[in-house]
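A look at the structure
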Amino acid sequence: MTTPAIPEGVKRCSTGKFALWLAVVGAVLLWGVYAMFLVWYKGLNQTGMNDAYGFALWIWADLTVIALGGGAFFSGFLTYIIGKKELKSIINYAVIIGFICYSSALLILALDIGQPLRGWFIFWHANVHSMLTEVAFCLSVYFAVLTIEFLPIVLENPKLDRIPFLHHLSHNLHEVMAVFAATGVFLSFFHQGSLGGVAGVLYGRPFAFREGLLIWPWTFFLFTWSAAAVGPCFTVLITRITEKVTGKKLVKQATFRLLAKISGWMLLTYMIAKIIDTWYWAAVTAPAKGFTLMDFYTNNPVYGIWILIAELVICGLLPAVILVTRKGRENNLLLMTGVILAVIGVCINRWVMVLQVMAAPLLPFQDWYMYMPTWQEIATTILPIAYGIILIMLAYRYLPVFPQEKELNSGS
Amino acid sequence: MTKQEQHTRTKRYGMVIDLDRCTGCGACMVACYAENNVPFKKNESDKMLSLNWIRVFKVDNGKPFPDTEICYIPKPCMQCDGRHMEGHSPCVSVCPAVATDYDYPTGIVSQIYTRCFGCRYCMAACPYHARKFNWWDPSWPAEMEKYLNPDVSVRMRGVVEKCSFCYHRYQKARDKAYLEGRDEIYEHEYQPACVEACPTGAMTFGDLLNPEHEVYKLSRSKKAFRLLEKLHTNPKVYYLSSKSWVRRKADNYLEGQSPGQQNNARKTETASH
Amino acid sequence: MFPFIFEWAWDIPHLVFMGALWYALSIIGAGLTYCILKSLYDTATEEGGESHEHH
């Protein structure tokens, strides 16, 4: 076959340069894989976790990548269900980023459980009352949806597209994509929410516990909302980084601004809800259990009130205000500041809802529990990043990810 | 449901620990290690990595000498009844694989080791840190393996374990009663190892619903309290203490609140819902 | 997950939870089956061999 592997009409770097970078990132990946095998072989004693910290860095990473991967479902919702045609230029990339995030989440979960070979028990012996069961089901099924959404992009590789069956499969998958996207939105709503529910239902943990609606604590809705708000910001961030690295324009400015605007309004409304939730929790929920707000933010070396201010104001309200104002979106520096702060904000929120929950003491004769991850935990948390970069490198090189690339770079 | 079970009234097995009597000797912990085949490591200095189904905490009144007072608080699994007394203890409802369950006939929270896949959500949910994780493969010095209790299965690496109120002893007592044609088991027939080992008689065990059992009376004493009552986990482990500072150590109080007011506060809170 | 597993109960939580799961799986399964069958049909009935339109 003489068809080139690289999509028609676009320029890519030489094979040598590509291989060199692949090797660099691959080395980091191998480091992570080594740590991963250490954990599987020797067990969870390879981590810094203990009986107070049953949930730690990995669960944070899990919650965070799923929130950031929320860009895939929310962009899919906007593109296929609301009908925002402008987003067609970025939806492929949003799907790929989502695919990376969700596959990473599944990998981290496989590492985090004490008996990985029994992982299937969560499906087989499912307890339908557990938020974690809902997470596992929705996450796995949504990952299947993401794979189906990713498949037609893979099949558009020039070499694969030559095969008639695959060409038709890609075409037919595109035709019914709205059905898959709608299923993805339905599943995402529940698993994003259930991840919030994981902490919110813990009525023995006053720092995490929230009242709610029927069986769902308020954190259920807040997590879905924040993922929908910040997911697209992460998609914008990664796309802009890709543009910087490749030195090409890949998506029109208008698309970035549209996504930023939607994100901004989602973020602003989320922040209002989050602030009301925090106020109600501090004024009513926690005091009923014998705690004041400051009990959760004093007498320990890390968690001061700064973390609440950082989450709600600096990385919450501030980016929301930047992204909802036209001037904020049109100024490139402000736009990127808003996007980055929003991403940091959701990372802080997930950290607090996992690690600070574990750190805060409950019995008056106990002290705060502090935790330090081991290198094995850090390496396995960096592993998905390296894997993500490699997948993006391969996708960018061999697949027609950005439909506007040819048009935007025709002058150069 | 068999006829035998239908005749047997629902129990709520619970424990009352008299802190005024506890000397902190640790015999309960040792007995538990031996009875339940709890493994240990060479270095147990990090207590958050230690497997212990019951752990004795030492607390003081925070005053300098000569006013310092000490109290020891043995803490097994609280066998919570849950918020609405329906068995939805913090840990049971969160387990994704039904590896921990609330046994309605006895009120004991079980742990199925071969079902647990080690997600540790129950540990995150338990406010008492009663749940322990097997971070390592269990091991005993060669000679000690001969002394393992054949009634209790040893656990594997990567699963959660916790106090079962020596449930295997309940099963044995029930079998004995069945063979003797009885529906009920006597109070003395089912006692956990820690209670039996306590040299000062600080620990009492029985059915909290049975007026003939000692725990029935003790748990209703004015000196009785439970840990973190405000969380509404409804533990079945009660403590007795005549010292008000000890009671303050059992829960969190806002400024101006005191243990005595707690019951009133709870009534107001329930009324407002 | 299945009615033959002993945790299963014919109660509302199971019907709602597992109902939603099997509903989502059915849609995905049906969508995927349709695409594969249609592609097989399109490939079999295609005229003109290897030159196909790019969408």
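Higher on the page you've got the structure.
My aim in this report is to walk through the structure given alongside it, one point at a time. (Residues numbered from 1 in each chain as written. Chains lettered and ligands numbered in written order. Predicted model: local features only at pLDDT ≥ 70, side-chain atom pairs only at ≥ 80, totals over all residues. Heavy atoms only, no water.)

1. Looking at the interface of chain A and chain C
Taken together, the contact between chain A and chain C spans 31 residues of the former and 31 residues of the latter. Counting every contact that joins chain A to chain C gives zero salt bridges. For the interface between chain A and chain C, the tally reads five residue pairs in polar contact (both at pLDDT 80 or more). Counting only elements with at least two residues in the side of chain A that touches chain C, the list comes to α5 (121-124), α6 (131-155), α8 (164-175) and α9 (177-200) of chain A. It is α8(A) that contributes the most residues to the side of chain A that touches chain C, ten residues altogether. (Contact = heavy atoms within 4.5 Å. Salt bridge = Lys/Arg side-chain N within 4 Å of Asp/Glu carboxyl O. Polar contact = N/O pair within 3.5 Å; in protein donor to acceptor, adjacent residues only side chain to side chain. Helix = DSSP H or I, 4+ residues; strand = E, 2+ residues; numbered from the N terminus.)

2. Here we look at the pattern of salt bridges
Taken as a whole and assessed by the stated rule, the structure comprises 26 salt bridges over all chains. With its nearest N and O atoms 3.6 Å apart, the salt bridge here joins Arg240(A) to Glu243(A). With Arg240(A) and Glu243(A) both in helix α10 (residues 218-246) and three residues apart, the pair spans about one turn of that helix. Accessibility expressed as a relative area gives 12% for Arg240(A), which makes it buried. Classification of Glu243(A) by relative accessible area gives buried; the value is 8%. The salt bridge involving Asp81(B) is made with Arg12(B); its shortest N-O contact spans 2.3 Å. Taken as a pair, Asp81(B) in the loop between β3 (70-75) and β4 (100-103) and Arg12(B) in the loop between α1 (3-7) and β1 (13-18) lie far apart in primary sequence, 69 residues in all. Exposure remark for Arg12(B): the relative accessible area of 14% places this residue in the buried category. Ionic contacts of the salt-bridge type, sharing partners, join the residues Lys176(B), Glu180(B), Arg182(B) and Glu189(B) into one network. (Buried < 20%, exposed > 50% of the residue type's maximum accessible area, 1.4 Å probe, protein only.)

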